[in-house]
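Each chain, written out:
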Amino acid sequence: MVRILSRLLQRLNRVLGLAGRAGEGPPREESVLGAKGEAFAAKYLQRAGYTILERNARLPMGEADLIVRTPQGTHVVVEVKTRARGKNARSDQAAPELAITRHKRRTLRAIATFLGRANNWGRVSVDVIAVEWPLAGGAPTLRHHQGVL
């Protein structure tokens, strides 16, 4: 019922020309790049033998980009940070990993603890994957930092 009402409201907003308000409209460039980075990171992990259990998992304490199981059977919460690289890219100054704030670290720890307890997994590790996407084309660069939290 809620979905139907939400869709009707979205259609009404489009008809009235209100698209772009309250989260409507096309996705921002950063979110599109972030989604590409997460997909690239997921493919990298799968090729390395990891099993993707969940993508963009929404939990009471926040969102986990990826929840995976390693080839050895341990569970990991993966935070993916993606930045554009190239001439005039605003984010050329710093590594993507540096965008993980103290608040985000706390949230990632809480997510890992919650998942470990809720699923009887024991200790759940946290990894960070940094993806740098060249604006001029070419292959992105990926760095995988294991067990950071």
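Everything that follows concerns the structure shown earlier in this document.
A brief structural summary. (Residues numbered from 1 in each chain as written. Predicted model: local features only at pLDDT ≥ 70, side-chain atom pairs only at ≥ 80, totals over all residues. Heavy atoms only, no water.)

**A look at the environment of glycine 37**
For clarity, the threshold we go by: The helix and strand labels rest on DSSP assignments: H or I over at least four residues marks a helix, E over at least two residues marks a strand, and numbering proceeds from the N terminus. Between two residues, a contact is recorded if the distance between any of their heavy atoms is within 4.5 Å.
Positionally, glycine 37 belongs in helix α2 (residues 29-47). Sequence-wise, glycine 37 and arginine 83 are 46 residues apart; in three dimensions their C-alpha atoms are separated by 8.4 Å. The contacts of glycine 37, once residues within four sequence positions are left out, are Val80, Thr82, Val131 and Trp133.

**Some remarks on the sheet that holds strand β3 (residues 75-85)**
Here is the rule: When DSSP finds at least two bridges between two strands, those strands are taken to pair. The convention used is that axes are lines fitted to C-alpha atoms, helices contributing only their stretch in contact, and that angles between N-to-C directions extend from 0 to 180 degrees.
Strand order in the open sheet made by the five strands is β1-β2-β3-β4-β5, with mixed pairing throughout. Among the strands making up the open sheet, the edge pair consists of β1 (51-59) and β5 (141-145). Strand-to-strand twist in this sheet, taken as the mean axis angle between neighbours without regard to direction, amounts to 30 degrees.

**Here we look at the packing of aromatic side chains**
Our working definition: Pairing of aromatic side chains requires ring centres within 6.5 Å, counting the rings of Phe and Tyr and the six-membered ring of Trp. Pairs whose planes differ by under 30 degrees are stacked, by over 60 edge-to-face, and all others tilted. With a 1.4 Å probe rolled over the protein chains alone, any residue whose accessible area is under 20% of its type maximum counts as buried; one over 50% counts as exposed, and the rest are partly exposed.
Tallied over the entire structure, the rule returns one aromatic pair. A centroid spacing of 5.6 Å and a plane angle of 75 degrees characterise the contact between phenylalanine 40 and tryptophan 133, whose relative ring orientation is edge-to-face. Taken together, the residues phenylalanine 40 in helix α2 and tryptophan 133 in strand β4 (residues 125-134) connect sequence positions 93 residues apart. What makes phenylalanine 40 partly exposed here is its relative accessible area of 23%.

**Notes on the pairing of β4**
Of all ten residues making up β4, nine are buried, and the element is well covered by its neighbours. With ten bridges joining them, β3 and β4 adopt parallel strand pairing. Its bridge partner lying in β4, valine 78 is registered against aspartate 127. When β4 meets β5, the two strands line up antiparallel, connected through five bridges. By the bridge assignment for β5, alanine 130 is matched with arginine 143. In textbook terms, the turn of a hairpin is the stretch between consecutive antiparallel strands, and for β4 and β5 this stretch comprises six residues, one of which, glycine 137, has a positive phi near 100 degrees.

**Observations concerning the nonpolar core**
Condition: Remark: nonpolar core denotes a set of buried residues (Ala, Val, Leu, Ile, Met, Phe, Trp, Tyr, Cys) joined through side-chain atoms within 4.5 Å.
Leu45, Leu66, Val68, Val78, Val80 and Ile129 are the most contacted members of the largest nonpolar core, which totals 14 residues. Those elements that place two or more of their residues in this core are α2, β2 (62-69), β3 and β4. Listed in part, the eleven residues of the second largest apolar core include Ile67, Leu115, Val124 and Val126.

**A short note on helix α3 (residues 102-118)**
Note the threshold: Each helix should span, by expectation, one fewer than its residue count multiplied by 1.5 Å. This arc is built from the directions going out from the helix axis to the C-beta atoms.
Its 17 residues place the ends of α3 24 Å apart at the C-alpha level, agreeing with the 24 Å of an ideal helix rising 1.5 Å per residue. Among the residues of α3, Lys104, Thr107, Leu108, Ile111, Ala112, Leu115 and Gly116 are the ones counted as buried. Down the axis of α3, the buried side of the element spans an arc of 165 degrees, and every buried residue falls inside it. With respect to the buried face of α3, the exposed residues turned more than 90 degrees away are Arg102, His103 and Arg117. Tucked into the core, α3 has its buried residues touching β1, β2, β3 and β4. Directly after α3, the chain includes asparagine 120, whose backbone phi takes a positive value near 60 degrees.

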